[in-house]
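Now for the letters of each chain:
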Amino acid sequence: MSASPASHPAEAGLVSAHFHRVRRAKVVRLRGGSPPPPREVARRPAHVARMLALAHHVESAIGRGLVASAADVARQLGFTRARVTHLLDLLLLAPDIQEEVLFLEAVDGAEPLSERGLRAVAHAGTWKAQRERWREVKASF
């Protein structure tokens, strides 16, 4: 039985190339060449920081008489009264915790904590209890 050259597998050789992943939707493609330069980290104020700032703004508007009540704020902003109450609950936080929250950043869209989690700290009771709870929460991010 003679073997034809087509029946023998070709010799394996080492191929060297640089690939980088390109993500679009759910498809991952590999492209040859050098990888793209690393992009800068996107930083912005955390959602909870913006909501706390909004709560201070709403409280100031009510205090200056620009709006009659939290219900009036809800109507003007298109929020429910419960949502405005949630915002104003953030003002129950101890001042030092509020300061820390205002300086939180979301890095590449990853929020350090949820607003619900922060409200749980605000509802912990006394400022001493809030500070203890805040230390626990802060250790998670």
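Residues numbered from 1 in each chain as written. Predicted model: local features only at pLDDT ≥ 70, side-chain atom pairs only at ≥ 80, totals over all residues. Heavy atoms only, no water.

1. Examining the side chain of Arg119
Phase 1: Within the secondary structure, Arg119 is located in helix α5 (residues 115-122).
Phase 2: Judged by its relative accessible area of 14%, Arg119 is buried. (Helix = DSSP H or I, 4+ residues; strand = E, 2+ residues; numbered from the N terminus. Buried < 20%, exposed > 50% of the residue type's maximum accessible area, 1.4 Å probe, protein only.)

2. Thoughts on the pattern of salt bridges
Phase 1: This structure, assessed with the given rule, holds 8 salt bridges.
Phase 2: Note that Arg43 is salt-bridged to Glu105, the shortest N-O span being 2.9 Å. Of this pair, Arg43 sits in strand β3 (residues 43-45) while Glu105 sits in strand β4 (residues 105-107), placing them 62 residues apart in sequence.
Phase 3: Exposure remark for Arg43: the relative accessible area of 54% places this residue in the exposed category.
Phase 4: Judged by its relative accessible area of 39%, Glu105 is partly exposed.
Phase 5: Linking Arg83 and Glu115 is a salt bridge whose minimum nitrogen-to-oxygen distance equals 2.7 Å. (Salt bridge = Lys/Arg side-chain N within 4 Å of Asp/Glu carboxyl O.)

3. Overview of the environment of Ser69
Phase 1: Relative to the elements of secondary structure, Ser69 occurs in the loop between α1 (47-63) and α2 (70-77).
Phase 2: Residues Ser69 and Glu59, spaced 10 residues apart in sequence, show a C-alpha to C-alpha distance of 9.3 Å.

4. Digging into the packing of α2 against helix α3 (residues 81-89)
Phase 1: Between α2 and α3, the least distance of the axes is 8 Å, while the angle of their chain directions is 115°. Between α2 and α3, the crossing angle belongs to the class labelled roughly perpendicular. Crossing hand, α2 versus α3: right-handed. Contact residues: α2 offers Ala70, Ala71, Val73 and Ala74, while α3 offers Arg81, Val84 and Leu88.
Phase 2: Its residues placed into classes, the contact of α2 with α3 shows 6 nonpolar, no polar and 1 charged. (Axes fitted to C-alpha atoms, helices over the stretch in contact; angles between N-to-C directions. Parallel < 35°, antiparallel > 145°, perpendicular 65-115°, else oblique. Left-handed = near helix turned anticlockwise from the far one by under 90°. Contact = heavy atoms within 4.5 Å. Nonpolar A, V, L, I, M, F, W, Y, C, P; charged D, E, K, R; others polar.)

5. Overview of the nonpolar core
Phase 1: Residues Val48, Ile97, Val101, Leu113, Leu118 and Trp134 are the most contacted members of the largest nonpolar core, which totals 20 residues.
Phase 2: Contributing elements (two or more residues each) for this core: α1, α4 (95-102), α5 and α6 (127-138).
Phase 3: No other element matches α1, which puts 5 residues into this core.
Phase 4: Of all hydrophobic cores here, the second largest spans 6 residues; its members include Val58, Ala61, Val73 and Val84. (Core = buried A, V, L, I, M, F, W, Y, C linked by side-chain atoms within 4.5 Å.)

6. Re α4
Phase 1: All of the buried residues along α4 are Ile97, Gln98 and Val101. End-on, the buried residues of α4 take up no more than an arc of 100°, which puts them together on one face.
Phase 2: Its buried side turned inward, α4 meets α1, α5 and α6. (Arc of directions from axis to C-beta.)

7. A word on the confidence of the model for the chain
Phase 1: This prediction gives the chain a mean pLDDT of 87; 78% of its residues lie at or above 70.
Phase 2: The secondary-structure element of the chain with the lowest mean pLDDT is strand β1 (residues 19-24), recorded at 60, while α4 shows the highest, at 97. (pLDDT = per-residue confidence, 0-100.)

8. Concerning α3
Phase 1: All buried positions along α3 are accounted for by Val84, Leu87 and Asp89.
Phase 2: Among the structural elements, α1, α2 and α5 are those in contact with the buried residues of α3.

9. Concerning unusual backbone geometry
Phase 1: In the Ramachandran plot, Asp108 falls in the positive-phi region, its phi being about 50° despite a non-glycine side chain.
Phase 2: By the element assignment, Asp108 lies in the loop between β4 and α5.
Phase 3: Using a relative accessible area of 41% as the deciding quantity, one classes Asp108 as partly exposed.

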